[in-house]
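The residues making up each chain are set out below.
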Amino acid sequence: TTRTLSSSRTKIIFIMFKLAAFAALLGSAAAFAPAQSGRTATSLAVNELEIGTTAPLGVYDPLGWLDTEPEAFERRRAVERKHGRVAMAAVVGTIVHNNHIVF
């Protein structure tokens, strides 16, 4: 009976782990969902080009694309965020794989 108690406890822990992993994956799907289109009013007066700048240097643009192609700046910024998110997911996948966690 000790063996069946141990195996049933192991099964319960395994099911709980699967549910926790599924809940984490489901919650992380919101990172790839499209942004809401509604605009909210804020009292902050922030220039979009100043976001992510360093104080003495300003916007880091070594190739001068902001001057030659300003319409592509927002797309490049969004693509950079997307690639960063994919890279973070890849790191988590590598950690899971290297720890021999199987789903």
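Residues numbered from 1 in each chain as written. Predicted model: local features only at pLDDT ≥ 70, side-chain atom pairs only at ≥ 80, totals over all residues. Heavy atoms only, no water.

1. Some thoughts on the overall build of the protein chain
Here comes step 1: In terms of regular secondary structure, the protein chain is built from three helices and zero strands.
Here comes step 2: Along the protein chain, from the amino end to the carboxyl end, the secondary structure elements read α-α-α.
Here comes step 3: The buried share of the protein chain, reckoned over its 103 residues, is 6%.
Here comes step 4: Accessible surface, the protein chain: about 9500 Å² in total, of which carbon and sulfur atoms supply 65%. (Helix = DSSP H or I, 4+ residues; strand = E, 2+ residues; numbered from the N terminus. Buried < 20%, exposed > 50% of the residue type's maximum accessible area, 1.4 Å probe, protein only. Areas by Shrake-Rupley, 256 points an atom, 1.4 Å probe, with all protein chains shown as cover.)

2. Overview of the pattern of salt bridges
Here comes step 1: One pass over the structure, following the stated rule, counts one salt bridge.
Here comes step 2: Between glutamate 69 and arginine 76 there is a salt bridge whose closest N-O contact spans 3.1 Å.
Here comes step 3: With relative accessibility at 31%, the residue glutamate 69 sits in the partly exposed group.
Here comes step 4: Given a relative accessible area of 32%, arginine 76 falls into the partly exposed group. (Salt bridge = Lys/Arg side-chain N within 4 Å of Asp/Glu carboxyl O.)

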